[in-house]
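Now for the letters of each chain:
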Amino acid sequence: DGFGATKLSRDKAKKLAAAPAVDTSAIDAPAAADAPLDPAVMAAGKVSYMLCGARHGQNGGGGPRAPPRAGSEWVTGPGSKLLRIQLRGLVGPISVAGKEYNMPGGMAALSYQTDEQIAAVLTFVRNSFGNKAPAVKPEQVAALRSDFVPLPDQSMHAFFFNDTPTTEIYTFLRQADARELGML
């Protein structure tokens, strides 16, 4: 296609939707409560979170349309759910601490980040703002990378040069998100 955009065909979308989910038991296994956190990972995650804080609040308290990171069951719950949101993004409503949020434009997929960057920011969020949860490891991020449909070049370019209608892509991704985040 000249632009490097991958074509997501209807057949591929259907096959991916029907495929079994990745086994996340190792990712979601409880870690030792007193496992030390790497200060360098926390520092790198704090720097990365500055961008997230524009919507979720620098103190993790959320905003009028973006859910809080502080005290969020999505943050401290199973790591695989948070990883999938980071890799895929999220479109549509989400309930956090009993309140529904529907961010205009949704949350962008951040799968362009390295496994180390994603692990660092999620470890920071899971262990800041009063939260305490196991660190996310780069190998956990890598394990879930194969379980999502990448949007070509992580840009809107894909939607303009793709033979699959945008609404069909969003419907497929939303169904996959709901299934794998335990919402279906």
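Note: the structure precedes this text.
Conventions adopted
Residues numbered from 1 in each chain as written. Predicted model: local features only at pLDDT ≥ 70, side-chain atom pairs only at ≥ 80, totals over all residues. Heavy atoms only, no water. Helix = DSSP H or I, 4+ residues; strand = E, 2+ residues; numbered from the N terminus. Buried < 20%, exposed > 50% of the residue type's maximum accessible area, 1.4 Å probe, protein only. Contact = heavy atoms within 4.5 Å. Areas by Shrake-Rupley, 256 points an atom, 1.4 Å probe, with all protein chains shown as cover. Axes fitted to C-alpha atoms, helices over the stretch in contact; angles between N-to-C directions. Left-handed = near helix turned anticlockwise from the far one by under 90°. Nonpolar A, V, L, I, M, F, W, Y, C, P; charged D, E, K, R; others polar. Salt bridge = Lys/Arg side-chain N within 4 Å of Asp/Glu carboxyl O. Arc of directions from axis to C-beta. Core = buried A, V, L, I, M, F, W, Y, C linked by side-chain atoms within 4.5 Å. Bend = angle between axes of the 7 residues up to and from the residue. Polar contact = N/O pair within 3.5 Å; in protein donor to acceptor, adjacent residues only side chain to side chain.

A. Looking closely at the overall build of the protein. When its secondary structure is counted, the protein shows 9 helices and 2 strands. Along its sequence from the N terminus, the protein presents helices and strands in the succession α-α-α-α-α-β-β-α-α-α-α. Expressed as a percentage of its 184 residues, the buried residues of the protein come to 42%. Within the protein, contacts between residues at least 6 apart in sequence are counted, and of these 69% link residues at least 24 apart. As presented, the protein carries roughly 9,700 Å² of accessible surface, and 61% of it is formed by carbon and sulfur atoms.

B. View of the packing of helix H6 (residues 115–126) against helix H7 (residues 138–145). Running from amino to carboxyl end, H6 crosses H7 at an angle of 115 degrees, the nearest separation of the two axes being 8 Å. Here H6 and H7 pass one another in a crossing that is right-handed. Side by side, H6 and H7 meet where Asp115, Glu116, Ile118 and Ala119 of the first sit next to Pro138, Val141, Ala142 and Arg145 of the second. Class assignment of the residues belonging to the contact of H6 with H7 gives a composition of 5 nonpolar, no polar and 3 charged.

C. Spatial organisation of the pattern of salt bridges. What the rule picks out here adds up to 1 salt bridge. Linking Asp115 and Arg145 is a salt bridge whose minimum nitrogen-to-oxygen distance equals 2.5 Å. Taken together, the positions of Asp115 in helix H6 and Arg145 in helix H7 put the pair 30 residues apart, joining distant regions of the chain. Residue classification places Asp115 among the buried residues on the basis of a relative accessible area of 17%.

D. Focus on H7. Within H7 the residues assigned to the buried category are Gln140, Val141 and Leu144. The buried residues of H7 occupy an angular sector of 100 degrees when projected down its axis, which confines them to one face.

E. Region of the structure containing the nonpolar core. Judged by nonpolar contacts, the single largest core of 16 residues is most densely connected at Leu83, Ile118, Leu122, Val136 and Val141. When contributions to this core are tallied by element, the ones reaching two or more residues are helix H3 (39–56), helix H5 (79–88), H6 and H7. The element contributing the most residues to this core is H6, with 6 residues. Aside from chain neighbours lying at most four places away, what touches Val141 is Leu83, Leu87, Asp115, Ile118, Ala119 and Val136. Counting 10 residues, the second-largest nonpolar core is a separate cluster that includes Ala66, Trp74, Ile94 and Met107.

F. Molecular detail of H3. The largest bend in H3 comes to about 45 degrees, at Met50. Elements in contact with the buried residues of H3: H6. Two to three positions downstream of the cap, the backbone nitrogen of Ala40 sits 2.8 Å from a side-chain oxygen, assigning the N-cap of H3 to Asp38. Just beyond H3, the residue with positive phi is Gly57, at close to 90 degrees.

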